[in-house]
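Listed here are the chains, written in short residue letters.
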Amino acid sequence: MDTVDIAAVDSTLVLLTVEEAARRLCIGRTTCFALIRTGELESLMVGSLRRVPADAPAAYLARRRAEQRAA
């Protein structure tokens, strides 16, 4: 597979790279790291690798939508 998002093809993945999470959110890598740094997007370290739980992008979006509805 050339430039195909493996995470989009394999729904069994439980952890995503930051780049895969960014693609799911349709944002850039730098913005994704900023969300991680502020704690808005959940992530964890696996050894020396930063990974995002596969359900974290959807949870982030759900929180954002709830915040906007409440505003």
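Further up the page is the structure itself.
Residues numbered from 1 in each chain as written. Predicted model: local features only at pLDDT ≥ 70, side-chain atom pairs only at ≥ 80, totals over all residues. Heavy atoms only, no water.

(A) How the structure looks around the overall build of the protein chain. Secondary structure assignment for the protein chain yields four helices and three strands. Moving toward the C terminus, one meets the helices and strands of the protein chain in the order α-β-α-α-β-β-α. Buried residues in the protein chain amount to 25% of all 71 residues. Contacts spanning at least 24 positions in sequence make up 36% of the contacts within the protein chain whose residues lie at least 6 apart. (Helix = DSSP H or I, 4+ residues; strand = E, 2+ residues; numbered from the N terminus. Buried < 20%, exposed > 50% of the residue type's maximum accessible area, 1.4 Å probe, protein only. Contact = heavy atoms within 4.5 Å.)

(B) Region of interest: the sheet that holds strand β2 (residues 44–46). In space, the three strands of this open sheet follow the order β1-β3-β2, with antiparallel pairing throughout. The open sheet terminates on both sides in strands that have one partner only, identified here as β1 (15–16) and β2. Across two bridges, the pairing between β1 and strand β3 (residues 49–53) is antiparallel. Directly across from L15, in β3, lies its bridge partner P53. (Pairing = 2+ DSSP bridges.)

(C) Helix α2 (residues 18–25), seen in detail. Among the residues making up α2, those that are buried are V18, E20, A21, A22 and L25. Among the residues trailing α2, C26 stands out with phi positive, at a value near 55°.

(D) Structural view of the nonpolar core. Grouped together as the largest cluster of nonpolar side chains are twelve residues: L16, V18, A21, A22, L25, C32, L35, I36, L41, V52, A56 and Y60. Among the elements that line this core, the one with the most residues is α2, at four residues. Excluding residues within four positions of it along the chain, A56 makes contact with L41 and E42. (Core = buried A, V, L, I, M, F, W, Y, C linked by side-chain atoms within 4.5 Å.)

(E) Summary view of the environment of G28. Within the element layout of this structure, G28 appears in the loop between α2 and α3 (29–38). Counting along the chain gives ten residues from G28 to V18, while the straight-line C-alpha distance between them is 9.7 Å.

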